[in-house]
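These are the residues of each chain, in order.
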Amino acid sequence: MEEKKHKIHKVIQQGAISGEFIATSINKHSSKTTIGAHTIFLGQVRSDKKDGKEVVAIEYSAYEEMAEKEFHIIREEAFAKYNLTCMHIHHSIGLVKAGEISLFVFVSAPHRDDVFTACADIVTQIKKRVPIWGKEILEDGTHLWKINNKYADK
Amino acid sequence: MFFGELAEIAGTSKITVQHITDTASLYAYLFEQYPTLKNRTYRLAVNKNVINEKQHLKNGDEVALLPPYAGG
């Protein structure tokens, strides 16, 4: 059975994305035998130094309804643009510690060219278009607001 | 609705305003209430659609101030 492409999938989930969750997600694809290639992107919270202080966690928040709508559009666009079998996007809200995963993009297709290009494109679109914010919690308890420099409004 | 740093500045994530007929008068109201907003970067969404020009507002519209995104 082919997955229904127009169903709305909830992308946002509370807290970090675990390795077990990712492994289970991979295993679920063993019955989809038209797939020949998967790519996985994992966004991990990086412990940047800000004013000499380490980032220990990011607290994510979102305009959830708009974010889910935007994730859905990005997903539909990718299905229209590339020859994909299926696609899964998961993004955290709430507290995610440095070293933990906050974004999981999983793209599958018959052939590798589509998944490499699609996955990179989807991650770029997410960073650019989805209303999600990150409060970087520093080691001394103070915080800063994360900026995706490449896509910040000028 | 205020998000990210803007919610901190406003001290709340949601306010209800009355007698505002367009986005220009909304800005005027917000700048008076929260002067710091003047030197922050953000976009405006009306009913979850980002707008780039002045727009008429009607009763019940949901307006959101969206600072630069930081997903991923």
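## As for the sheet that holds strand β1 (residues 43–46) of chain B
Strand pairing in a sheet relies on backbone hydrogen bonds. The paired strands run either parallel or antiparallel.
Residue and element names in this part refer to chain B.
Move 1: Spatial ordering of the open sheet is given by β2-β1-β3, a layout of 3 strands whose pairing is antiparallel. Each edge of the open sheet carries a strand with a single partner, namely β2 (49–51) and β3 (63–66). Taken over all neighbouring pairs, the strand axes of this sheet differ in orientation by 35° on average, direction set aside.
Move 2: Pairing of β1 with β3 involves 4 bridges; the strand directions are antiparallel. Following the sheet pairing, Arg43 is matched in β3 by Leu66.

## Some remarks on helix α2 (residues 64–81) of chain A
Since the α-helix packs 3.6 residues into each turn, any two residues three or four apart lie on the same face.
Move 1: Taking 1.5 Å per residue, 18 residues should reach 26 Å; α2 of chain A reaches 25 Å between its end C-alpha atoms and fits that length.
Move 2: Buried residues of α2 of chain A: Met66, Ala67, Glu70, Phe71, Ile74, Arg75 and Ala78 of chain A, and no others.
Move 3: Turning to α2 of chain A, the residues buried within the fold contact β1 (12–14), β4 (53–62), β5 (86–97), α3 (112–129) and β7 (132–138) of chain A together with β1 of chain B.

## Considerations on the confidence of the model for chain B
Move 1: Counting all residues, the mean pLDDT for chain B is 95, and 100% of those residues have values of 70 or more.
Move 2: This prediction of the complex comes with two scores: 0.91 for pTM and 0.93 for ipTM.

## Remarks on the interface of chain B and chain A
Move 1: Taken together, the contact between chain B and chain A spans 15 residues of the former and 23 residues of the latter.
Move 2: Mapped by element, the contributors of at least two residues to the side of chain B that touches chain A are β1 and β3 of chain B.
Move 3: Along the lines of polarity and charge, the residues of the side of chain B that touches chain A split into 8 nonpolar, 4 polar and 3 charged.

## A short note on the nonpolar core
Move 1: Core analysis: the biggest nonpolar cluster contains 40 residues, and Val105, Val107, Ile122 and Ile132 of chain A together with Phe3 of chain B have the highest contact counts within it.
Move 2: Breaking this core down by element, the ones donating at least two residues are β4, α2, β5, β6 (101–109), α3 and β7 of chain A together with β3 of chain B.
Move 3: In terms of residues, this core owes the most to one element, β6 of chain A, which gives 6 residues.
Move 4: The residues contacting Phe3 of chain B, other than those within four sequence positions of it, are Ser61, Tyr63, Pro131 and Trp133 of chain A together with Ala64, Leu65, Leu66 and Pro67 of chain B.

Cut-off values and rules
Residues numbered from 1 in each chain as written. Chains lettered and ligands numbered in written order. Predicted model: local features only at pLDDT ≥ 70, side-chain atom pairs only at ≥ 80, totals over all residues. Pairing = 2+ DSSP bridges. Helix = DSSP H or I, 4+ residues; strand = E, 2+ residues; numbered from the N terminus. Axes fitted to C-alpha atoms, helices over the stretch in contact; angles between N-to-C directions. Expected span 1.5 Å × (residues − 1). Buried ≥ 20, exposed ≤ 12 C-beta atoms within 10 Å, placed from the backbone. Contact = placed C-beta atoms within 7 Å. pLDDT = per-residue confidence, 0-100. Nonpolar A, V, L, I, M, F, W, Y, C, P; charged D, E, K, R; others polar. Core = buried A, V, L, I, M, F, W, Y, C linked by C-beta atoms within 7 Å.

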